[in-house]
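# Observations on the model geometry
Each chain, written out:
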Amino acid sequence: MLLTGKKAVIFGVANNRSIAYGIAKAFRSQGAEIALSWLGEALRKRVEPIAEELGAAFTFPCDVTKDEEIAESVNTVKKHFGQADILVHAVAFANRDDLQGRYIDTSRQGFSLALDISAYSLVALCRHFEQSLSENASVLTLTYYGAQKHINNYNVMGVAKAALESSIQYLAYDLGKNGIRINAISAGPIKTLASSGISGFGKILSHIEKFTPLRKNVDIDEVGNAAMFLCSPLADGITGTTLFVDAGYHTSGIQIGE
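This section reports on the structure supplied with the text. Keep in mind that this is a model prediction, so the values were computed, not measured.

## Structural notes on empty space enclosed by the protein
Empty space among the atoms becomes apparent when a probe as large as a water molecule is rolled across them. If you walk through the whole model with that rule in mind, you get one cavity of 30 Å³ or more. In this structure, the largest cavity spans a volume of roughly 50 Å³. Around the largest cavity sit Tyr144, Tyr145, Ser186, Ala187, Gly188, Pro189, Ile208, Phe244, Asp246 and Tyr249, which together line it. In terms of residue class, the lining of the largest cavity is made up of seven nonpolar, two polar and one charged.

Spelled out as structure tokens, the structure:
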């Protein structure tokens, strides 16, 4: 198995429909040990049954907007794992009001919140975990096509994901000195707790299914398998890259149907 003996720390599992869950499941199927974070008691009640289902080594609390909690999570990981081989950042958030209407109406507070949680948190996690990652470790994050092109109602999250994708390239240079790789997966739209906050998301799913080259939407298992590849020795020469797992939609131009 490709990840036998690897220890993976995963931030962002919300429920068994989340992309992070698909990633965790794929990692376990290839022999990795996993640890899952949670934020607040409500999410803890969701994450702990998932941890039991997947045979996770442990769970831990962490609010990625607070450096002291990230530092404590590093200590927890050291206690259980020693060093980690894989770090997964599957965290993003924007106010629901900022995911509808006009981007120009985004408030200063809403902009700061979305950029902090959805983009800067990756930088913070990498900084705190840098010395606790093994040689040839892999970091992975999740982005979306709205970082590169306008998507209705994606608004400030698209800008946050653009910052995230740019950060990956700069982090690849910083972390590469220690042999650590960092990449992103740009998944097609998937019905998750996070995507439910985007106005008109059902119409996006219908459009993708009709016009994407493979005539389908992707699922969390397909994303999980791609994540497993990027974090395995098969991808040892890949860093600073965004891999599209979107049934080819990003290759499309004008779509008029058939």
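Having seen the model, we can carry on.
## Looking at the nonpolar core
Within the largest apolar cluster, 45 residues are counted, with the highest numbers of intra-cluster contacts made by Phe11, Val139 and Ile182. For Phe11, the residues in contact, after removing those within four places along its chain, are Ser37, Phe60, Cys62, Val64, Ser73, Leu87, Val88, His89, Ala90, Val91, Leu125 and Phe129. Counting residues in each nonpolar core, the second largest holds 39 residues, with Ala26, Phe27, Ile34 and Trp38 among its members.

## Focus on the packing of helix α1 (residues 19-29) against helix α7 (residues 220-230)
Relative orientation of the contacting elements α1 and α7 amounts to 55 degrees, with a least axis distance of 7 Å. On the basis of the axis angle, α1 is oblique to α7. Where α1 crosses over α7, the two elements pack in a sense that is right-handed. Taken together, the residues of α7 that come into contact with α1 (itself represented by Ile19, Tyr21, Gly22, Ile23, Lys25, Ala26 and Phe27) are Ile220, Asp221, Val223, Gly224, Asn225, Ala227 and Met228. Along the lines of polarity and charge, the residues of the contact of α1 with α7 split into nine nonpolar, three polar and two charged.

Rules and cut-offs
- Residues numbered from 1 in each chain as written.
- Predicted model: local features only at pLDDT ≥ 70, side-chain atom pairs only at ≥ 80, totals over all residues.
- Heavy atoms only, no water.
- 1 Å grid on protein atoms, 1.4 Å probe; cavity = no way out; pocket = protein on both sides within 12 Å on 5 of 7 lines; lining within 4 Å.
- Points joined across faces, edges and corners; volume = space filled by probe spheres on them.
- Nonpolar A, V, L, I, M, F, W, Y, C, P; charged D, E, K, R; others polar.
- Core = buried A, V, L, I, M, F, W, Y, C linked by side-chain atoms within 4.5 Å.
- Buried < 20%, exposed > 50% of the residue type's maximum accessible area, 1.4 Å probe, protein only.
- Contact = heavy atoms within 4.5 Å.
- Axes fitted to C-alpha atoms, helices over the stretch in contact; angles between N-to-C directions.
- Helix = DSSP H or I, 4+ residues; strand = E, 2+ residues; numbered from the N terminus.
- Parallel < 35°, antiparallel > 145°, perpendicular 65-115°, else oblique.
- Left-handed = near helix turned anticlockwise from the far one by under 90°.

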